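Now for the letters of each chain:
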Amino acid sequence: MNELPLFNDSIHTLWDTHAHLDDKRFKSDLAEVLRRAQEMGIRRILNVGHSEESSCRSVEMAEKYDFIYASVGVHPHDAKDCTPRTWETLNRWARRPKVVAWGEIGLDYYRDLSPRDVQKTIFIEQIELANAAGLPVIIHDRDAHGDLVRTVKDHPPEKGGVFHSYSGSWEMAKGLLHQGFYLSFSGPLTYRNARQAAEVAAHVPADRFLVETDCPYLPPEPFRGQRNEPVHVRKVVERLAQLKNLTVDQVADLSTANAERLFGGKGL
Ligand code: NI
């Protein structure tokens with residue numbers, strides 16, 4: 001095992017491209033969490049909606065804090081609760097200047113909290129809404145690799161997108177990269193048994209990876225079992241640097257450039 005490269009104060013800039021800071025677990029100390037993130041060099045945080053309510057909270061947060069951006073969308077878990085009114089509302093928010101993506105959307109066949117045919121219909125509808133709004137998509141894929149790959153082939157997101165917390169094989173990744181998608185890495189990349197993710201991370205081209213926390217979920221080592229927060233994205237960057245034989249600053253700079261290319265359509 002290589003020595004873990006350490007963060008130092010030369011870190012220029014970093015995005016946490018997937019956070020849920022509107023989660024109730026941040027209610028009591030959000031200001032502290034944001035301060036820690038900024039002190040460490042995180043320049044931007046993309047707060048991701050997963051329902052109508054959380055999309056609303058994301059937009060509010062982005063309009064309150066300069067360095068926070070928002071996405072709007074309905075997670076496959078909540079697909080069964082969508083109504084035409086949901087689309088009307090999200091469509092309106094999608095036009096606001098700090099809303100830079102549509103998501104998180106996709107398929108979740110692990111928890112199956114909405115029927116699979118409903119998940120698929122709602123996913124496709126949201127790809128079309130993202131296309132109409134000129135936004136890239138943030139895709140959630142849990143145990144649904146085959147259907148996801150087929151769906152994005154038949155209904156390509158016109159402004160591209162990212163497979164967040166990517167969990168597929170390198171074989172699948174090659175197809176997605178060919179289609180222009182980005183792959184995002186999170187806490188599980190630091191887990192000892194993450195062989196598949198490590199293989200993908202080692203091979204993913206320098207211009208196609210992002211980093212994220214998915215906080216409060218998916219804490220990296222050595223914070224497993226605790227609430228995750230944006231500052232811990234550094235652990236993901238350190239692991240990527242090790243796997244790609246790059247310095248921490250190189251990984252930070254590349255992931256920032258990639259995030260700005262994907263999410264910068266409205267100007268940042
Ligand atoms: Ni998420």
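Residue numbers here run from 1 along each chain, matching the order of that chain's written sequence. For a predicted model such as this one, the threshold for reporting local features is a pLDDT of at least 70, and the threshold for listing and counting side-chain atom pairs is 80 or more; totals across whole chains, interfaces and linings nevertheless cover every residue. Only hydrogens and water are set aside when side-chain values are computed; all heavy atoms of the structure are taken into account.

## Brief notes about the overall build of the protein
The numbering of helices and of strands both runs from the N terminus, where a helix is a DSSP run of H or I of at least 4 residues and a strand a run of E of at least 2. Within the protein, the secondary structure is distributed over 9 helices and 8 strands. Across its three principal directions, the C-alpha atoms of the protein cover 50 × 40 × 35 Å. Throughout this description, buried means an accessible area under 20% of the type-specific maximum (1.4 Å probe, protein chains only), exposed means over 50%, and partly exposed covers the range between. With 268 residues in all, the protein has 58% of them scored as buried. Residue contacts follow a heavy-atom distance rule, with two residues in contact if any of their heavy atoms lie within 4.5 Å. Of the contacts made within the protein by residues no fewer than 6 positions apart, 74% connect residues no fewer than 24 positions apart. Calculation of accessible area relied on Shrake-Rupley with a 1.4 Å probe; when residues are assessed, cover is drawn exclusively from the protein chains displayed. Accessible surface, the protein: about 11,900 Å² in total, of which carbon and sulfur atoms supply 49%. Each charge class in the protein can be summarised by its mean position, and for the 34 positive and 38 negative side chains these summaries are 1 Å apart. Charge counting treats Lys and Arg as positive and Asp and Glu as negative, with His and both chain ends excluded. Here the site of a charge means atom NZ of a Lys, CZ of an Arg, CG of an Asp or CD of a Glu.

## Side note on the coordination of the nickel ion
Any two of four tetrahedral donors ideally make an angle of 109.5 degrees at the metal, while pairs among six octahedral donors ideally make 90 or 180 degrees. In the first shell of the nickel ion, the protein supplies His18 (NE2), His20 (NE2), Glu104 (OE) and Asp214 (OD), at 2.1 to 2.4 Å from the metal. Coordination at the nickel ion is irregular: its 4 donor atoms span angles of 84 to 176° at the metal. Donor atoms: N, O and S within 2.8 Å of the metal, or within 3.2 Å for Na, K and Ca. Because water is excluded, sites can look incomplete. The sequence pattern describing where the donors of the nickel ion fall on their chain is H-x1-H-x83-E-x109-D. You can see histidine 20 sitting in the loop between strand E1 (14-19) and helix H1 (30-40) and its partner glutamate 104 sitting in strand E4 (residues 99-108), a full 84 residues away along the chain. No difference in accessibility class separates histidine 20 from glutamate 104, as the two residues are buried. Geometry assignment treats four donors as tetrahedral when all angles are between 85 and 135 degrees, treats four as square planar and six as octahedral when opposite donors are over 155 degrees apart and all others between 65 and 115, and treats everything else as irregular.

## Things to note about the packing of aromatic side chains
The description of an aromatic ring pair uses the distance of the two centres, along with the angle that the planes make with each other. Centres within 6.5 Å are what make two rings of Phe, Tyr or Trp a pair, Trp counting through its six-membered ring; a difference in plane orientation under 30 degrees is then read as stacked, over 60 as edge-to-face, and the rest as tilted. Under the definition given, this model contains 5 aromatic pairs. Ring geometry for tyrosine 65 versus phenylalanine 67: centroids 6.3 Å apart, planes at 65°, classification edge-to-face. Residue tyrosine 65 is classed as partly exposed on the basis of its relative accessible area of 22%. Looking at phenylalanine 67, the relative accessible area reads 11%, which means it is buried. Aromatic pair phenylalanine 163 and tyrosine 166: ring centres 6.5 Å apart, planes at 75°, arrangement edge-to-face. Residue classification places tyrosine 166 among the buried residues on the basis of a relative accessible area of 7%. One aromatic cluster is present, formed by Trp15, Tyr69 and Phe263 through successive ring pairs. Stacked on the ring of tyrosine 69, the Lys or Arg lysine 98 has its end atom at 4.7 Å from the ring centre. Each ring is checked for a lysine NZ or an arginine CZ that lies within 6 Å of its centre and within 35 degrees of its normal; such an atom marks a charge sitting over the ring.

## Notes on helix H2 (residues 52-64)
Take the residue count of a helix, subtract one, and multiply by 1.5 Å to get its expected span. Taking 1.5 Å as the rise per residue, H2 with 13 residues should run 18 Å; its terminal C-alpha atoms sit 19 Å apart, in good agreement. All buried positions along H2 are accounted for by Glu52, Ser54, Ser55, Ser58, Val59, Met61 and Ala62. Residues of H2 that are buried sit in contact with H1, strand E2 (42-48), strand E3 (68-72), helix H3 (84-94) and E4.

## Focus: the pattern of salt bridges
Side-chain pairs of opposite charge can arise where the charged atoms are in close proximity. A pairing counts as a salt bridge when a side-chain nitrogen of Lys or Arg comes within 4 Å of a carboxyl oxygen of Asp or Glu. Following the criterion strictly, the structure yields 19 salt bridges and no others. One salt bridge connects arginine 36 with glutamate 32, and the closest N-O pair in it is separated by 3.9 Å. Here arginine 36 and its partner glutamate 32 are both found in helix H1, 4 residues apart, which amounts to about one turn of the helix. Given the relative accessible area of 30%, arginine 36 is considered partly exposed. Within this structure, Asp29, Glu32, Arg35, Arg36, Glu39, Arg227 and Glu229 form a network of salt bridges that share partners.

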